Amino acid sequence: MTVTARFAPSPTGYLHIGNARTALLNWLFAKQTGGRFILRLDDTDLERSRPEYAEAIIADLAWLRIEPDVIVHQSERRALHDAAAEALRAGDRLYACYETPDELDRKRKRQRARGLPPVYDRAARDLTGAERAALQADGRRPHWRFLLEDRDVAWEDLCRGPQHYAAGALSDPVLIRADGSYLYTLPSVVDDADLGVTHIIRGEDHVTNTAVQVELFEALGQTVPVFAHHNLLTAVGGEGLSKRTGALSLRSLRDAGYEPMAVASLAVLIGSPEAVQPVASLEELAARIDLARLSRAPAAFDPAELDGLNHRLVADLPYDAVCDRLVAMGIAPGPVGAAFWAAVRGNLAHVSDASGWWQRVTGPLPGDAERPADEDRAFLADAADLLPAGDWAVDDETIYADWIAAVKAATGRKGRGLFKPLRIALTGAGEGPELKALLPLIGRDAAIRRLTGRA
Ligand code: GLU
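The paragraphs below set out a description of the structure included in this document.

1. Concerning the overall build of the protein chain
(1) Moving on: Along the protein chain, the regular secondary structure elements total 19 helices and 12 strands.
(2) Moving on: Expressed as lengths along the three principal axes of its C-alpha atoms, the size of the protein chain is roughly 110 × 45 × 35 Å.
(3) Moving on: Considering the protein chain as a whole, with its 455 residues, one finds that 47% of them fall into the buried category.
(4) Moving on: Summing over all exposed atoms, the protein chain offers an accessible surface of approximately 21000 Å²; the carbon and sulfur share of this is 51%.
(5) Moving on: Charge centroids of the protein chain, computed over 53 positive and 64 negative side chains, lie 3 Å from each other.

2. Side note on the sheet that holds strand S4 (residues 94-97)
(1) Moving on: Across the sheet, which stays open at both edges, the 3 strands sit in the order S4-S5-S8 with antiparallel pairing between neighbours. Each of the sheet's edge strands pairs with one partner strand only, and the pair in question is S4 and strand S8 (174-176). Strand-to-strand, the axes of this sheet are offset by a mean angle of 45 degrees, without reference to chain direction.

3. Focus: the pairing of S4
(1) Moving on: Of the two faces of S4, the one holding Leu94 and Ala96 and the one holding Tyr95 and Cys97 are both buried throughout.
(2) Moving on: Inspection of the sheet shows S4 paired to strand S5 (residues 143-146) by 4 bridges, in the antiparallel sense. Paired with Ala96 across the bridge in S5 is Trp144.

4. Points about the side chain of His143
(1) Moving on: Tracing the chain through its elements places His143 in strand S5.
(2) Moving on: Here His143 falls in the buried class, since its relative accessible area comes to 9%.
(3) Moving on: In this structure His143 touches Tyr95, Ala96, Cys97, Tyr98, Glu99, Val174, Ile176, Arg177 and Ala178, once residues within four positions along its chain are discounted.

5. Points about the site of the ligand
(1) Moving on: Around the ligand sit Arg6, Ala8, Ser10, Asp42, Tyr184, Ser188, Arg202 and His206, and that is every residue in its neighbourhood.
(2) Moving on: In the environment of the ligand, an oxygen atom lies 2.6 Å from a nitrogen or oxygen atom belonging to the side chain of Arg6.
(3) Moving on: Within the contact set of the ligand, a nitrogen atom lies 2.6 Å away from a side-chain nitrogen or oxygen of Asp42.
(4) Moving on: Compared with its free state, where it exposes 300 Å², the ligand has 80% of that area covered by protein.

6. Section: helix H3 (residues 78-90)
(1) Moving on: Given a rise of 1.5 Å per residue, 13 residues ought to cover 18 Å, and the 18 Å separating the end C-alpha atoms of H3 matches this to within 8%.
(2) Moving on: Residues His81, Ala84, Ala85 and Leu88 constitute the buried set of H3. Projection of H3 onto a plane perpendicular to its axis shows the buried side chains occupying an angular sector of 100 degrees, all on one side. Residues Ala79 and Ala90 are exposed on H3 and point more than 90 degrees away from its buried face.
(3) Moving on: Structurally, H3 contributes buried residues whose contacts are with S4, S5, S8, helix H6 (185-194) and helix H7 (207-219).
(4) Moving on: Just downstream of H3 lies Asp92, where phi reads positive at about 55 degrees.

What counts as what
- Residues numbered from 1 in each chain as written.
- Predicted model: local features only at pLDDT ≥ 70, side-chain atom pairs only at ≥ 80, totals over all residues.
- Heavy atoms only, no water.
- Helix = DSSP H or I, 4+ residues; strand = E, 2+ residues; numbered from the N terminus.
- Buried < 20%, exposed > 50% of the residue type's maximum accessible area, 1.4 Å probe, protein only.
- Areas by Shrake-Rupley, 256 points an atom, 1.4 Å probe, with all protein chains shown as cover.
- Lys, Arg positive; Asp, Glu negative; His and termini not counted.
- Charge placed at Lys NZ, Arg CZ, Asp CG, Glu CD.
- Pairing = 2+ DSSP bridges.
- Axes fitted to C-alpha atoms, helices over the stretch in contact; angles between N-to-C directions.
- Contact = heavy atoms within 4.5 Å.
- Near = heavy atom within 4 Å.
- Polar contact = N/O pair within 3.5 Å; in protein donor to acceptor, adjacent residues only side chain to side chain.
- Expected span 1.5 Å × (residues − 1).
- Arc of directions from axis to C-beta.

Rendered as structure tokens:
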């Protein structure tokens, strides 16, 4: 059996980090097992679904390096949904109901007042032909409910272990609205069956849907897929994430300059037993993930943790991985760019911060640069005289070592008193990448100008 997993967002907003977790868990599971990954756009809600959100979802997944094997739009599969509804009607598993939302509300209130669970009483099944005709003549259009069997529905959940749900305690779910449109439940089952989905990995907010959907798969004579319900991500304050608010959207994280693998590492490993670490590729992440070992408790997504991961990931990025981006920022290509990257990558929150250091290396120093103290002027001028002569190779760290040894010997300075003024004069900042790597990039002429206060 080839594993077929799917991610099924409704295109009603931008994907957030919690959606990314679901998408990635499906994609990684498919990769781990040599299977297929389908992107199914659940766009049957015509009012809220937008083509631009569908495009944004595809683009955001591509940013995470998720390229679906197949992309389907549910709205184009209506004929299949209609055929399934017809089959359910023929088997007396789909029945017409005429209650208005108000009437249903009153029923539920009466049940609660009598201490009963607010489960739909199936009154519509007892309507006579004449009553039905009268309601229709009155202008009422039916909505359609799926007749649940009064039994325990059980499944072996890849995340949660053995599960069972008393379907008898649920209301028969409405599958088709009075305007003829489908709610999510039936099209999801029909499409999963038609597309050969073998594994449904989704958030644990869908557990109740699963009880209903297992019955639907069976009523339609289809094989029931394997289910896995993972824990949900929340914001730091514990509140749920929503596609509609745009908070923690993949877009906003991308625009803020985070690396896709930092986002993916956190979205997947958050709440896992091992410490969250930046992982360099989805393939490596696939090797680590085990659905059975995901945390069962909701996990809070902490942007500060993402900052830390991004910093660590950037510090390990090889030049090849960032070369194009650096060149686009105006940073020299080739050996100079490579030496520059090696010098600064450990000091960046985001790759884009490299451009600030490039300016400090190539000059002029920014207007807000720190200036050396007056009492260090003479020391700095002496140090300038001691700079090694000749052409400096951009990656030659002996230049700095030789220079520092000479300055130490000539001036008697050491420690902070030696290094700090040199750093401030050369870079305009009290902290930053190692000077031994920056000095050859700054070059002899510019170093002399900066040390002698002429730049
Ligand atoms: N469109 C549904 C959602 O976004 C899909 C749920 C599922 O994976 O079946 O919640």
